[in-house]
Amino acid sequence: MTIQQGDTRLLTSNGATPPDDRVDDLRSLAGGETGERKRLHDLFMQAPAMIAILRGPQHLFELANPLYMQAVGAGREIIGKSVREALPEIRGQGVLELLDAVYRTGEPYFGDETPVHLDRKGTGRLEEAFFNFVYLPDKDAAGETQGILVHAVDVTDQVRARRRLEEQNRILEMITQGVSLADALDFLVRSIERQSANGMKGSLLLLDRDGKHLRHGAAPCLPAAYNAAIDGIAIGPNAGSCGTAAYTKAPVIVADIASDPLWADFRDLASEHDLRSCWSTPIFSATGDLLGTFAMYYNEPRSPSEADRNLIVFATRTAALLIERTRAEEAMRESERRFRAMIDALPAAIYTTDAEGRLTHFNPAAVAFSGRVPELGTDQWCVTWKLSYPDGTPMPHDECPMAIALKEGRIIAGAEAIAERPDGTRVWFTPFPTPLRDAAGRIVGGINMLVDITERKQAEEARARLAAIVESSDDAIVSKDLSGIIQTWNKGAERIFGYTPEDAVGQPITMIIPPDRLDEEPEILRRIRCGERVDHFETVRRRKDGTLLDISLTISPVVDSRGAIVGASKIARDITERRALERQKDQFLGIAAHELRTPVTGIKGYTQLLARRLHRAGDTASAEMLGKLDRQIDRLTGLIDDLLDVARIESGVLPFRPAPFELNAFVRETVEEMQQTTERHTIAWELAESVTLVADRDRIGQVLTNLLGNAIKYSPQADRVVVRTTRDGENVIVSVQDFGIGIPREKQAHLFERFYRVDGESRAGFSGLGLGLYVAAEFVKRHGAAIWVESEEGEGTTVRFSLPLNGLHGDKEHEVEGAA
Amino acid sequence: MTRGTQRILVAEDDQVVLDVLRLILEEEGYAVEAVADEATLRAFPHGYPDLLFLDIWMSGWDGGDLCRELKCGEETREIPILLCSANRDGERIAREAGADGFIAKPFDMDDLLATVARHLHAQARS
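As a starting point, this report considers the structure included with it. Computed from a predicted structure; not experimentally measured.

**Here's the deal with a negative patch on the surface**
Move 1: On the surface, a cluster of negative charge is contributed by Glu672, Glu673 and Asp698 of chain A together with Glu91 of chain B.
Move 2: Overall, the relative accessible area of 46% leaves glutamate 672 of chain A in the partly exposed class.

Written out as structure tokens, the structure is:
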């Protein structure tokens, strides 16, 4: 209670402004004699505020207008009585003391929403009312206080409404402070009971999820047994006050339970707990859905007053807000839980922070990403351990994109950074920091997603490296689609063919194919479409200036990500120079062969001539010595031949001249020649039906000669070598078997390597360069065929080589002869 | 020159080989006449020989080409020609040039004499 002297603004606002200019006139209003006084009296009586005039130190009521009478209790006799006598219940409420003070000091008093408890009906029951009022001293001409003008406005309804609103807010706040719905409802019911203050017992029931039953909500003053009994009752047209109210969605006022048919089923229960009346009102959500009921019970038959109805409205509205807000909170919590669950399930590293960038949440992917478990509330700006810019310079955490996003309040897009884990591994990533704002637009936190782009970066780097390699390659690297249209064209292609990428891309590849070789392209494209590679295809292409060049082409299918063939990449190497070099080497080797063999020819000729002369002269011993010399010359010749062949194989200039020949005749001829080199061994042949091969007869002859030479050489104790031919599907197999020293199993794999010689004691005394089988194998390979060996140490060796029948012609004419 | 009737013309530019060939053939009784250049050979100043022994690869001239040419000539095609070479592909060249035989260097004296005798006899029969 405060004294607010001269605060006219407040007076205006609280509606208790006294008509200052008429105070003097009002002093004598009680007399009501003159016309002016009559007019003032009428005004006084009809004024929209409570007005009373008190006289003397006893505060005798001189006058009270109807509103004043209504406020203090219309039936009372107060005029002429002192305040103390007229309103005995106000003793002890401070009112009398205030009046005394005003009378004594002559100072007015302003009261604001001051509660006064009045016994309006004379029943002894006090009702609380609130008033804005002013006590104005009424002074005579000498300035002595003669009485007090009371001017008041009843603000009980406003105060109650505001207090209820405050109460409501307090209750609703409980929800946001984490109080459970049950506790909040309990608090609400108690608050209503307190406000009602007439023995009312409140009961709040909640509609079950099934919409057909009511569940106990809050009823702190009803007996627990009763609450238990009605928990779960089915709603229906005759289900007591609450069940019926829920069913009909309308208030059900049962003033006397004992006589009301709605209570037929629950009458005994109610009577058991001495409940006599029950007024139930459905509680609706903002959208009109039934949430439950609020009921007022009394232990006496009773009908609701206006105040009760107001309280019921307050109770149901508050309960509705409470329930809805709780559900919204729950929904929010659930939504947040789901949101976090979703974040946690996402494969990208995600974290949230408060407005200062301190971590509030992070998902498991963030742990994997950063290689550490971040500390909530401590770690700031980022979950990572160390950061650096793409160029490798260190990036302080408070300069990271998330920090910038939060400090500057903007979304950062397209940034890249490198995170280093405690274990030293690095992740290249793109962050997506976004500030989070509240409804007012203030930044309340941030969310950031870190997308690992390491693979993409590595792929980009690899691609860039590859592109650089392609671009800087000396070879022409060209890609074309399946219809032969050029897609890419590198510097090498420009240099080799003379066309710039601008000239070439989009043009058909046939632009570099000479007219007489145009038929190659459809065949190449056919093979590419089948997914085949074309390897080292040597051909001729045409430059922009029309000149021709030798090239070696390797063409591979290009497949898209789904594995479909979409084109071809083609590497063309200019082999014009290589061709020239090959011709030079070939020429050189030809000269070398000639130059090496020519002196040997002389040596051999003289040796043999001399041997014949000595023989004729009877010097047999000397002739035989020269015979030995002659055989050494043959060995030397053989070695020269092998070396020259190897040189040609190595430099790729081995001429290869396939021509048809008849296999069996060829074998017999070769065997007969080799038979002359050995006296100990008999070379036998077992031949299948003959075929006409298309192969380089000389080279295959060398192969067979080499194999027979080895067979003889490595079977010094044996007397037999067998040559066989067999047909095996699409191949002819020629084998040479000896019964000599054999080859250890572990050495067999190396037999066809250049310069390889099987060592070991049993080998001592067998000379050679280790070139024979290598040369033989190379010759066989040149025919697209295979050579392999089977051997057992001490039992002998069989070397077989196959020759493919494609390019071989079966020749029936030789069948009889071959079978012989 | 015991078998003066059988005359062998030898074109071989390596002197050592020519010398040994001459010795081998003369000891067998053949009359050996060496020619040192293509023009002389083409002129056949002493008439056509019974056998022509031609090295394929000689400085300045090609025995293979000459063989092919002689084998096309109306009068010369009957002359038996043996081509000789230190190169492996000589045999193929000889075949393609229409030579009657091929001798690979280094040669075996007995093989050489057998081949020479065979072609002389063949020539004598025809």
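**Things to note about the packing of helix H22 (residues 697-713) of chain A against helix H24 (residues 772-782) of chain A**
All names here are of chain A.
Move 1: Close contact between H22 and H24 brings their axes to 9 Å; oriented N to C, the two are set at 145°. By crossing handedness, the relation of H22 to H24 is classed as left-handed. Mapping the contact onto sequence places Arg699, Gln702, Val703, Asn706, Leu707 and Asn710 in H22 and Gly772, Leu773, Val775, Ala776, Phe779 and Val780 in H24.

**Examining the sheet that holds strand S2 (residues 31-35) of chain B**
All names here are of chain B.
Move 1: Ordered by their spatial adjacency, five strands build an open sheet running S2-S1-S3-S6-S7, and the pairing between neighbours is parallel. The open sheet has two free edges, formed respectively by S2 and strand S7 (101-104), since each of these has just one partner strand. Averaged over all neighbouring strand pairs, the angle between strand axes comes to 20°, with direction disregarded.
Move 2: Here four bridges tie strand S3 (residues 51-55) to strand S6 (residues 81-85), and the two strands are oriented parallel to one another. Bridging across to S6, aspartate 55 finds its partner in cysteine 84.
Move 3: Lying on the sheet, helix H3 (residues 63-72) is in contact with S3 and S6; it crosses S6 at an angle near 170°.

**Considering the packing of helix H19 (residues 576-616) of chain A against helix H1 (residues 15-27) of chain B**
Move 1: Where H19 of chain A contacts H1 of chain B, the two axes come as close as 9 Å, and the packing angle between them is 30°. One finds that H19 of chain A runs roughly parallel with respect to H1 of chain B. Seen from above, H19 of chain A lies across H1 of chain B with left-handed handedness. In this structure, H19 of chain A uses Thr598, Thr601, Gly602, Gly605, Tyr606, Leu609, Arg612, Arg613 and Arg616 of chain A to contact H1 of chain B, whose residues at the interface are Val16, Val17, Asp19, Val20, Leu23, Ile24 and Glu27 of chain B.

**Thoughts on the pattern of salt bridges**
All names here are of chain A.
Move 1: On inspection of all chains with the given rule, the structure shows 63 salt bridges over all chains.
Move 2: Salt-bridge contacts for arginine 340 lead to glutamate 336; the nearest nitrogen and oxygen are separated by 3.8 Å. Of this pair, arginine 340 and glutamate 336 both sit in helix H12 (residues 306-345), separated by four residues, roughly a single helical turn.
Move 3: Its relative accessible area of 31% is what places arginine 340 among the partly exposed residues.
Move 4: Linking arginine 495 and aspartate 474 is a salt bridge whose minimum nitrogen-to-oxygen distance equals 3.8 Å. Highlighted residues: arginine 495 in helix H16 (residues 491-497) and aspartate 474 in the loop between helix H15 (454-472) and strand S18 (476-481), separated in sequence by 21 residues. Aspartate 474 matches arginine 495 in its accessibility class, with the two residues each being exposed.

**Some points on the nonpolar core**
Residue and element names in this part refer to chain A.
Move 1: Core analysis: the biggest nonpolar cluster contains 44 residues, and Leu708, Val723 and Phe801 have the highest contact counts within it.
Move 2: Here phenylalanine 801 is in contact with Ile700, Val703, Leu707, Val732, Ile733, Val734, Val780, Ala786, Ile787 and Trp788, once residues within four sequence places are set aside.
Move 3: Counting 30 residues, the second-largest nonpolar core is a separate cluster that includes Ala52, Ala86, Val102 and Tyr109.

**Description of the sheet that holds strand S10 (residues 290-298) of chain A**
Residues and elements named next belong to chain A.
Move 1: Taking strand neighbours across the sheet as the criterion, the five strands line up as S7-S6-S10-S9-S8 in an open arrangement whose pairing is antiparallel. The open sheet has two edge strands with one neighbour each: strand S7 (214-218) and strand S8 (252-254). Taken pair by pair, the neighbouring strands of this sheet meet at an average axis angle of 25°, ignoring direction.
Move 2: By the bridge criterion, six bridges tie strand S6 (residues 201-207) to S10 in an arrangement that is antiparallel. Bridging across to S10, lysine 201 finds its partner in tyrosine 297.

**Concerning the interface of chain B and chain A**
Move 1: Taken residue by residue, the interface counts 24 residues in chain B and 24 residues in chain A.
Move 2: For the chain B face of the interface with chain A, the top three residues by lost area are Glu27, Arg88 and Pro106 of chain B, together amounting to 30%.
Move 3: Across the chain B-chain A interface, the total number found is five salt bridges.
Move 4: The residue glutamate 28 of chain B makes a salt bridge to arginine 612 of chain A at a minimum N-O spacing of 2.9 Å.
Move 5: Applying the counting rule to chain B against chain A returns seven residue pairs in polar contact (both at pLDDT 80 or more).
Move 6: Where the side of chain B that touches chain A is concerned, the elements lending two or more residues are H1, helix H4 (90-97) and helix H5 (109-125) of chain B.
Move 7: Broken down by element, the side of chain B that touches chain A gets its largest block of residues, seven residues, from H1 of chain B.
Move 8: Its residues assigned to classes, the side of chain B that touches chain A shows eleven nonpolar, one polar and twelve charged.

**With respect to the environment of proline 115 of chain A**
All names here are of chain A.
Move 1: As for its position among the elements, proline 115 is in strand S3 (residues 109-118).
Move 2: Taking the C-alpha atoms as reference, proline 115 lies 10.0 Å from aspartate 154; in sequence the two are 39 residues apart.
Move 3: Residue contacts for proline 115: discarding those within four places in its chain leaves Gln93, Glu128, Ala129 and Phe130.

**Overview of the packing of aromatic side chains**
All names here are of chain A.
Move 1: One pass over the full model with this rule turns up 13 aromatic pairs over all chains.
Move 2: Seen from their ring centres, tyrosine 109 and tyrosine 135 are 6.4 Å apart, and the 40° between their planes marks the pair as tilted. In this pair, tyrosine 109 sits in strand S3 while tyrosine 135 sits in strand S4 (residues 127-139), placing the two residues 26 residues apart along the sequence.
Move 3: For tyrosine 109, a relative accessible area of 3% corresponds to the buried category.
Move 4: Every member of this aromatic cluster is reached through a ring pair, and the members are Tyr226, Trp263, Phe266 and Tyr297.
Move 5: Just above the ring of tyrosine 298 sits the side chain of arginine 302; from NZ or CZ to the centre is 4.5 Å.

**Points about the side chain of threonine 115 of chain B**
Residues and elements named next belong to chain B.
Move 1: Following the sequence through the fold, threonine 115 ends up in helix H5.
Move 2: For threonine 115, a relative accessible area of 12% puts it in the buried group.
Move 3: With residues near it in sequence (within four places) discarded, threonine 115 still touches Leu82 and Ile103.

Definitions and cut-offs
Residues numbered from 1 in each chain as written. Chains lettered and ligands numbered in written order. Predicted model: local features only at pLDDT ≥ 70, side-chain atom pairs only at ≥ 80, totals over all residues. Heavy atoms only, no water. Patch = residues over 30% accessible without salt bridge, like charges linked within 9 Å, V, L, I, M, F, W, Y side chains within 5 Å. Areas by Shrake-Rupley, 256 points an atom, 1.4 Å probe, with all protein chains shown as cover. Salt bridge = Lys/Arg side-chain N within 4 Å of Asp/Glu carboxyl O. Lys, Arg positive; Asp, Glu negative; His and termini not counted. Charge placed at Lys NZ, Arg CZ, Asp CG, Glu CD. Buried < 20%, exposed > 50% of the residue type's maximum accessible area, 1.4 Å probe, protein only. Axes fitted to C-alpha atoms, helices over the stretch in contact; angles between N-to-C directions. Helix = DSSP H or I, 4+ residues; strand = E, 2+ residues; numbered from the N terminus. Left-handed = near helix turned anticlockwise from the far one by under 90°. Contact = heavy atoms within 4.5 Å. Pairing = 2+ DSSP bridges. Parallel < 35°, antiparallel > 145°, perpendicular 65-115°, else oblique. Core = buried A, V, L, I, M, F, W, Y, C linked by side-chain atoms within 4.5 Å. Buried area = accessible area lost by both parts, 1.4 Å probe. Polar contact = N/O pair within 3.5 Å; in protein donor to acceptor, adjacent residues only side chain to side chain. Nonpolar A, V, L, I, M, F, W, Y, C, P; charged D, E, K, R; others polar. Phe/Tyr/Trp six-rings, centres within 6.5 Å; stacked < 30°, edge-to-face > 60°. Lys NZ or Arg CZ within 6 Å of the ring centre and 35° of its normal.

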